[in-house]
Amino acid sequence: PPPPPPPPVRCCEPPSTTAKLWAGERYNGFNTVGVVDYRKEIDPLSGWFHHIAYCAMLGYVCLKHQTKGFMPWLLEEASTVVLGLGRAQIYRNDWLTGASFFAVRVVFHAYMQYVWWVAFVAPGSQHFAWYYYLCTPAGLLNCKWMLDWCRGQQKRMRKAAAAKRR
């Protein structure tokens, strides 16, 4: 008889409470409080859709006990901490915000996509390949946000230069 199929990959037993709390924080914190504090920056794609998809993905990851596969990606949130410090008027440095965003949301994300491809997609793994395809649009959204930040910096620099000339 053929050998039995391998058991499903389980990366974390039981589902991480931290991951569940993170999902709740991301959705509730950004979309509930954020809609009051910075309404003009919440659009359907980067606000509502992005965070609802994030929560759904994280719920699935917890349900399937695969939170360890998700945890390395949390490094991308380091740029959110830098951004949050600026928003809270604790420490604002636009260049640090941009540099941290580029480092973790663009470069690290691209690196993780490559690692995921080599480890799971190329060998034909059915366990985590779906995550690669889910993270690809997120990486593109990160690139859009980086471009938006660059455009904003250019606008701020032109405004500062015009103020100096007066």
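Residues numbered from 1 in each chain as written. Predicted model: local features only at pLDDT ≥ 70, side-chain atom pairs only at ≥ 80, totals over all residues. Heavy atoms only, no water.

Caption draft 1: Fine view of the nonpolar core. Core analysis: the biggest nonpolar cluster contains 17 residues, and Val61, Phe70, Trp73, Trp116 and Tyr131 have the highest contact counts within it. Secondary structure elements with two or more residues in this core: helix 2 (44-63), helix 5 (94-121) and helix 6 (129-165). In terms of residue count, helix 5 provides more of this core than any other element does, 5 residues in total. If near-sequence neighbours (up to four positions away) are discounted, Tyr131 is found in contact with Met57, Val61, Phe70, Trp73 and Trp116. (Core = buried A, V, L, I, M, F, W, Y, C linked by side-chain atoms within 4.5 Å. Buried < 20%, exposed > 50% of the residue type's maximum accessible area, 1.4 Å probe, protein only. Helix = DSSP H or I, 4+ residues; strand = E, 2+ residues; numbered from the N terminus. Contact = heavy atoms within 4.5 Å.)

Caption draft 2: Spotlight on the confidence of the model for the protein. When pLDDT is averaged along the protein, the result is 78; 75% of the residues meet or exceed 70. Taken element by element, the protein is modelled with least confidence in helix 1 (residues 17-37), mean pLDDT 53, and with most confidence in helix 5, mean pLDDT 93. A low-confidence stretch, residues 9-15 (pLDDT under 50), is modelled with 18 contacts involving residues beyond four sequence positions or located in other chains. (pLDDT = per-residue confidence, 0-100.)

Caption draft 3: Summary view of the packing of aromatic side chains. In the structure shown here, the tally under the stated rule is 7 aromatic pairs. With a centroid separation of 5.8 Å and 70° between ring planes, the pair formed by Trp73 and Trp116 is classed as edge-to-face. Taken together, the residues span a long stretch of sequence, with Trp73 in the loop between helix 3 (67-70) and helix 4 (78-87) and Trp116 in helix 5 at a distance of 43 residues. Overall, Trp116 belongs to the buried group, its relative accessible area being 6%. Each member of the aromatic cluster is reached from another via a ring pair, and the members are Trp73, Trp116 and Phe120. (Phe/Tyr/Trp six-rings, centres within 6.5 Å; stacked < 30°, edge-to-face > 60°.)

Caption draft 4: Structural context of the environment of Tyr54. Along the chain, the position of Tyr54 falls in helix 2. A relative accessible area of 13% means that Tyr54 is categorised as buried.

Caption draft 5: Spatial organisation of the side chain of Asn142. Counting through the fold element by element, Asn142 comes out in helix 6. Asn142 gets classed as buried once you look at its relative accessible area, which sits at 3%. Side chain to side chain, Asn142 and Glu76 meet in a polar contact 3.4 Å long. Discounting residues that sit within four places of it in the chain, Asn142 has contacts with Glu76, Phe101, Arg105, Val106 and His109. (Polar contact = N/O pair within 3.5 Å; in protein donor to acceptor, adjacent residues only side chain to side chain.)

Caption draft 6: A look at the pattern of salt bridges. The full count for this structure, using the stated rule, is 5 salt bridges. With its nearest N and O atoms 3.1 Å apart, the salt bridge here joins Arg105 to Glu77. Taken together, the positions of Arg105 in helix 5 and Glu77 in the loop between helix 3 and helix 4 put the pair 28 residues apart, joining distant regions of the chain. Per residue, the accessibility class of Arg105 equals that of Glu77, and both read buried. A salt bridge links Lys144 to Asp148; the nearest nitrogen and oxygen atoms lie 2.7 Å apart. Here the residue Lys144 and the residue Asp148 both occupy positions in helix 6, the gap between them amounting to 4 residues, near one helical turn. Looking at Asp148, the relative accessible area reads 32%, which means it is partly exposed. Among the ionic contacts, a cluster of salt bridges with common partners joins Arg92, Asp94 and Arg156. (Salt bridge = Lys/Arg side-chain N within 4 Å of Asp/Glu carboxyl O.)

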